[in-house]
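Read off the chains here:
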Amino acid sequence: MPRSIIKGIGHYVPDNVVTNKELESMMETTDAWIQERTGIKERRWVEAGSDESPSTMGTAAARKAIADAGLTPDDIDFIIFATLSPDYYFPGPGVMVQEQLGIKEIGALDVRNQCSGFVYSLSVADQFIRSGMYKNILVIGSELHSGGLDKTTRGRGVSVIFGDGAGAVVLQATDDEQRGILSTHLHSEGQHALELALPSPNTKHWVPEIMEANDPNDISYYPVMNGNFVFKHAVTRFQEVIHEALQQNGFAPSDIDMLIPHQANLRISQFIQAKMKLRDDQVYNNIMRYGNTTAASIPIAISEARDEGKIKEGDLVCMAAFGSGFTWASALMRW
Ligand code: UT7
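Everything numeric here is computed off the predicted structure, so don't read it as measured data.

1. What to know about the environment of Ile 242
- With respect to the helices and strands, Ile 242 occurs in helix 8 (residues 227–248).
- Residue Ile 242 is classed as buried on the basis of its relative accessible area, which comes to 0%.
- Separated by 87 residues in the primary sequence, Ile 242 and Ala 329 place their C-alpha atoms 8.3 Å from one another.
- Beyond its immediate stretch of four places on either side in the chain, Ile 242 contacts Ile 256, Leu 259, Ile 272, Met 276, Cys 318 and Ala 320.

2. Remarks on a nonpolar patch on the surface
- A cluster of nonpolar side chains, namely Tyr 89, Phe 90 and Trp 206, defines an oily patch on the protein surface of about 450 Å² accessible area.
- Tracing the backbone through its elements, the reader meets Phe 90 in the loop between strand 4 (78–82) and helix 4 (94–100).
- You can call Phe 90 exposed: its relative accessible area is 69%.

3. Considering the sheet that holds strand 8 (residues 180–188)
- Spatial strand order, 8-13-12-11: four strands in an open sheet with mixed pairing. Strand pairing shows two members of the sheet lacking a second neighbour, strand 8 and strand 11 (258–261), which therefore form its edges. Across this sheet, the average inter-strand angle for adjacent strands is 10°, counted without regard to direction.
- Bridge count for strand 11 against strand 12 (residues 316–323) is four bridges, and the pairing is parallel. Paired with Met 258 across the bridge in strand 12 is Val 317.

4. So, the site of the ligand
- The local shell around the ligand holds 24 residues, among which Thr 29, Arg 37, His 262, Asn 265 and Asn 292 are the closest.
- Interatomic distance of 2.6 Å between a side-chain N/O atom of Thr 29 and a nitrogen atom of the ligand.
- A distance of 2.7 Å separates an oxygen atom of the ligand from a polar side-chain atom of Asn 265.
- Contact with the protein chains hides 73% of the accessible area of the ligand, taken as 960 Å² for the molecule alone.
- A per-class count over the shell around the ligand returns 11 nonpolar, nine polar and four charged.
- Shared between two domains, the shell around the ligand holds at least three residues of each, these being domain 1 (3–174) and domain 2 (180–334).

5. A look at the packing of aromatic side chains
- Using the criterion set out here, one finds seven aromatic pairs in the structure.
- Note on Phe 128 and Tyr 134: the rings are 5.3 Å apart at their centroids and 65° apart in plane angle, and the pair reads as edge-to-face.
- In this structure Tyr 134 comes out as buried when scored by relative accessible area, which is 17%.
- Note on Phe 229 and Phe 326: the rings are 6.0 Å apart at their centroids and 35° apart in plane angle, and the pair reads as tilted. Highlighted residues: Phe 229 in helix 8 and Phe 326 in the loop between strand 12 and strand 13 (327–334), separated in sequence by 97 residues.
- By relative accessible area, Phe 326 is classed as buried at 0%.
- The rings of Phe 229, Phe 322, Phe 326 and Trp 328 are connected pair by pair, giving a single aromatic cluster.

6. What to know about the domain arrangement of the protein chain
- Domain annotation of the protein chain identifies domain 1 (3–174) and domain 2 (180–334).
- Domain 1 puts 54 residues into the contact, and the matching count from domain 2 is 50 residues.
- Applying the counting criterion to the domain 1 and domain 2 interface returns one salt bridge.
- Notably, a salt bridge pairs Arg 306 with Asp 68, separated by 2.9 Å at the nearest N-O pair.

Criteria and thresholds
Residues numbered from 1 in each chain as written. Predicted model: local features only at pLDDT ≥ 70, side-chain atom pairs only at ≥ 80, totals over all residues. Heavy atoms only, no water. Helix = DSSP H or I, 4+ residues; strand = E, 2+ residues; numbered from the N terminus. Buried < 20%, exposed > 50% of the residue type's maximum accessible area, 1.4 Å probe, protein only. Contact = heavy atoms within 4.5 Å. Patch = residues over 30% accessible without salt bridge, like charges linked within 9 Å, V, L, I, M, F, W, Y side chains within 5 Å. Areas by Shrake-Rupley, 256 points an atom, 1.4 Å probe, with all protein chains shown as cover. Salt bridge = Lys/Arg side-chain N within 4 Å of Asp/Glu carboxyl O. Pairing = 2+ DSSP bridges. Axes fitted to C-alpha atoms, helices over the stretch in contact; angles between N-to-C directions. Near = heavy atom within 4 Å. Polar contact = N/O pair within 3.5 Å; in protein donor to acceptor, adjacent residues only side chain to side chain. Nonpolar A, V, L, I, M, F, W, Y, C, P; charged D, E, K, R; others polar. Domains from an automatic or database assignment. Phe/Tyr/Trp six-rings, centres within 6.5 Å; stacked < 30°, edge-to-face > 60°.

Dropping the structure here:
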């Protein structure tokens, strides 16, 4: 049975850097509060009025990943696009990437698993490769949060955290038994669905009704998060799902060469690192520069870690994510 390797990687972030200091002029917050509670120093937000979208950013990352794999767009057999911020409510951005890359009429699938979306997508792609159905699958995580955040003091508990960006990989079939994805682990707990959510518009609260009410106090179309509650679940689930992957393959935390956690909060990553007794060089963090880019955070992080020479062939790499749903997931691979 073939295994899947990451053959190519790329990422794209908008040029526009927004520092914590700049947020101080939009809302009651401080650089000190944001850095102390989250580790974030700056994030990228697309320029207001720009033509950038989750699909265009995803396409930019995908072009780099395809070139990095030594392929052309025509070599791609299937597209999987993970996002919580699609260009349109429907259709999803997977088909837009297919069109923007000028690829023939292959299948395109959209995954809606928020912060865990990239690891879920990787798992789906891995199953297609193991079954022999496809050889080269483009897996993209891309988010454009900035246009939909409440950038006033009312929304500061959420808006200071999220950033825009995209990452992509080409997952490729290999017969090399020494390399590839070893296992993936997917979980969800829907009872907490509204603890981190974008409640509106929804099928009980459609756009015409919202427009008719024209209520300036209706904040249901901004993302909401019960921060403390999410934090407590995150630190538990991250550890569980990493241990699950290690145990299934007969490894211990000390065997990990690189842990790439979803970049939700630097304090969460540091907590997991301490609990699992991992050294600094075993965990990659870049939330300081990009904030939380949800489905894009892991592919951006792997792309940077690889470019910095921190992941090499043969390394044991673990990716893990937790987020809205709640959903959480891990993937363990021999790079
Ligand atoms: O990626 C998906 C998964 N997401 C996560 O895992 C995120 C999990 N949660 C978190 O990362 C943290 O809970 C937050 C960073 C969101 C919040 O940090 P916290 O330490 O849990 O702060 P808090 O919500 O308990 O708020 C503490 C205080 C409050 O003021 P009072 O009630 O103590 O007077 C907030 O109103 O900080 C206030 N606050 C702020 N102050 C300045 C909230 N946001 C801000 C802000 N600037 N941006």
